[in-house]
Amino acid sequence: MALPGRPKVRRVSSHDAQLNALNLRSPTVIVPPQYLMAPSDANETAAAMELARHEIEDDATADSSPLTPPTSTVTDKFAFAFDIDGVLIRGGRPIPEAIEAMQVLNGKNDYGIKIPYIFVTNGGGKTEEERCVQLSKQMDIEISPGQFICGHTPMREMAAKYTTVLVIGGEGEKCRQVAEGYGFKDVVTPGDIIKHDPDTTPFRKLTEEEHQNSRKRDFENTTIEAIFVFADSRDWAGDQQIILDLLMSKGGKLGTRSETFDEGPPIFFSHNDIVWSASHDLTRLGMGALRLSLEAMFKAVTGKDLVTTAYGKPQIGTFEFATRLLKQWRKATHGINEPPETVYFVGDTPESDIRGTNEYNKHTDNRWYSILVETGVYQPGTTPKFTPSATVPNVLDAVLHGIERENQRQQKLKFQQELNTTGGKLQEFALLSPSPNTEKSNPLDAAV
Ligand SMILES: [Mg+2]
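Definitions and limits used
Residues numbered from 1 in each chain as written. Predicted model: local features only at pLDDT ≥ 70, side-chain atom pairs only at ≥ 80, totals over all residues. Helix = DSSP H or I, 4+ residues; strand = E, 2+ residues; numbered from the N terminus. Buried ≥ 20, exposed ≤ 12 C-beta atoms within 10 Å, placed from the backbone. Contact = placed C-beta atoms within 7 Å. Expected span 1.5 Å × (residues − 1). Axes fitted to C-alpha atoms, helices over the stretch in contact; angles between N-to-C directions. Parallel < 35°, antiparallel > 145°, perpendicular 65-115°, else oblique. Nonpolar A, V, L, I, M, F, W, Y, C, P; charged D, E, K, R; others polar. Pairing = 2+ DSSP bridges. Core = buried A, V, L, I, M, F, W, Y, C linked by C-beta atoms within 7 Å.

(A) Fine view of the overall build of the chain. Across its full length, the chain holds 14 helices and 17 strands. With 448 residues in all, the chain has 46% of them scored as buried. Sequence-distant contacts, at least 24 apart, represent 69% of the contacts inside the chain between residues at least 6 apart.

Here you go:
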């Protein structure tokens, strides 16, 4: 798909998608094989969001204005943001209503409109590209990496600040690859440390594969500048031992111990969810639990409070990033330099999804409307710790709820507008349709 004045977006089959190819910085949409020859209804949003993402990651182009925006059939008035686990996917399988929910967004609704959407997940340990390929396969849908915001997405910016870092979590070498893909120059794993000194973790031995993958290095001359928990730890005991060793070290040197316990490297978590919705009937412990555990152990061992930083939902940075993306998307596709008026955030976890959306809504000019679904962490019939704008059974109901609310909102606006028109010409109000491109052909004119 070629948009005027903007680069071409590649289309790659979800079955052929090679991570190495995706890591190249060229806009890409992941396509189920059956849509390769003829783009699906989801293509327009996927491609446009991908371009917008590339533009915000490159400040220079984000500030420049596109030429006349192309004709779009996608509404710019509102958008959806979805959490993934417990909303679209549970235990690796799509939640049945999720497939139809996506079809509704892509035009199969009473108003014949398409509605833009993005995915905001705390789930980590994979690049945005890998997450995209996985969801494309699971849901059989055309999507782009640009539509994904992961808990660890903001960590990309830390690569310029820290050279040698310890990366925790995920399967095998995955998180090292994610970190290197983010631009971190020297990435250490717990495996490297155990390979160097197996006595580090008395109850954990490396498997043959882990031993082979782990890198040999001279830790006498290594200073670990920061610790990043990219994904859930697969070995709490071993990982916590190594993290505590570093937190209590003199300036991030293994084998040393600070007397004041305030000389260790900083530690960052890609999110703070204490529990999450996996395939088990009951919720499972998540990264937030590891964080609590580490803070408690640090206090018990040193008597001091440990300062930790978490990204992801409900932290405001994640919602700010989503807003920047949606704003750039609207500017490029509709010539309006503002985010959509309403963003419907659909999530299953009150403590991260609902709390984050509600708090962000207090800080922002547009409306962030939280919708809680009953297919994940939240147990129907209980009172959620943070009150959503609406609670519905599943993601399809959430999408229909948002569309109906918009319809009523637009009708109310139209009614008010008619009341306000005193003898003058009645302005035509486009019900739920995209704003006309011709009205604001230069996005800078639209800037407030
Ligand atoms: Mg969830």
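(B) Seen up close, helix 13 (residues 395–420). The first and last C-alpha atoms of helix 13 sit 37 Å apart over 26 residues, in line with the 38 Å expected at 1.5 Å per residue. Within helix 13, burial applies to Val-395, Leu-396, Ala-398, Val-399, Gly-402, Ile-403 and Glu-406. Buried residues along helix 13 sit in contact with strand 3 (78–82), helix 4 (96–105), strand 15 (342–347), strand 16 (367–373) and strand 17 (390–392).

(C) Focus on the packing of helix 4 against helix 13. Where helix 4 meets helix 13, the axes come as close as 7 Å, and the angle between the chain directions of the two elements is 25°. As judged from the angle between their axes, helix 4 and helix 13 are roughly parallel. Across from Glu-97, Ala-98, Glu-100, Ala-101, Val-104 and Leu-105 in helix 4, the residues of helix 13 making contact are Val-395, Leu-396, Val-399 and Leu-400. Grouping the amino acids of the contact of helix 4 with helix 13 by side-chain chemistry returns 8 nonpolar, no polar and 2 charged.

(D) Region of interest: helix 2 (residues 43–56). Counted at 1.5 Å a residue, the expected span for helix 2 with its 14 residues is 20 Å, and the 20 Å between its end C-alpha atoms agrees. Counting buried positions along helix 2 yields 13 of 14 residues, so the element is predominantly enclosed.

(E) Examining the sheet that holds strand 15 more closely. Sheet architecture is open: 6 strands sit in the order 7-6-3-15-16-17, paired in parallel fashion. Looking along the sheet, the strands with just one partner apiece sit at the ends: strand 7 (148–150) and strand 17. Going across the sheet, the axis of each strand differs from the next one's by a mean of 25°, ignoring polarity. Of the pairings in the sheet, the one linking strand 6 (residues 117–121) to strand 7 comprises 3 bridges and is parallel in character. Bridging from a neighbouring strand, Thr-121 pairs with Cys-150 of strand 7. Its contacts with the sheet place helix 11 (residues 316–334) against strand 3, strand 6, strand 7 and strand 15, and it is angled at close to 160° to strand 6.

(F) Seen up close, the sheet that holds strand 10 (residues 226–229). On the basis of which strands lie adjacent, the open sheet formed by 5 strands has the order 9-8-10-11-14 and parallel pairing. Sheet topology places strand 9 (186–188) and strand 14 (308–310) at the edges, where each strand pairs with a single neighbour. For this sheet, the mean angle separating the axes of adjacent strands, direction not counted, is 25°. Here 4 bridges tie strand 8 (residues 164–168) to strand 10, and the two strands are oriented parallel to one another. Note on strand 10: the bridge partner recorded for Val-165 is Ala-226.

(G) Spatial organisation of the nonpolar core. Formed by 66 residues in total, the largest nonpolar core has its most connected members in Phe-80, Ala-81, Phe-82, Leu-88, Ile-118, Val-346 and Val-395. Leave out the neighbours within four places in its chain, and Val-346 touches Phe-80, Phe-82, Asp-83, Val-87, Ile-371, Val-373, Val-395 and Ala-398. Residues Val-165, Ile-168, Phe-269 and Leu-294 belong to the second largest nonpolar core, which totals 37 residues.

(H) Molecular detail of unusual backbone geometry. In the segment running from Lys-313 into Pro-314, the intervening peptide bond is cis, with an omega of 5°. With respect to the helices and strands, Pro-314 occurs in the loop between strand 14 and helix 11. A positive phi angle, close to 60°, is found at Asp-140, a residue other than glycine. Residue placement: Asp-140 occurs in the loop between helix 5 (128–139) and strand 7. Phi is positive for Phe-261, close to 55°, though the residue is something other than glycine. Along the chain, Phe-261 turns up in the loop between helix 9 (236–247) and strand 11 (267–269).

(I) Up close: the pairing of strand 2 (residues 28–31). Every second residue of strand 2 is oriented toward a common face, with Thr-28 and Ile-30 on one face and Val-29 and Val-31 on the other, all of them buried. As paired elements, strand 1 (residues 10–13) and strand 2 share 4 bridges and run parallel to each other. Across the sheet, the residue bridging to Val-12 is Ile-30, located in strand 2.

(J) Quick peek at the environment of Phe-386. Along the chain, the position of Phe-386 falls in the loop between strand 16 and strand 17. Sequence separation of Phe-386 and Glu-351 is 35 residues, and the distance between their C-alpha atoms is 6.6 Å. In contact with Phe-386, not counting residues within four places along its chain, are Pro-350, Glu-351, Ile-354, Arg-355 and Asn-358.

(K) Examining the pairing of strand 8 more closely. With respect to burial, strand 8 is a largely interior element, 4 of its 5 residues being buried. With 3 bridges joining them, strand 8 and strand 9 adopt parallel strand pairing. When the sheet's bridge partners are listed, Val-165 is paired in strand 9 with Val-187.

Function cannot be read off these values alone, since they describe shape.
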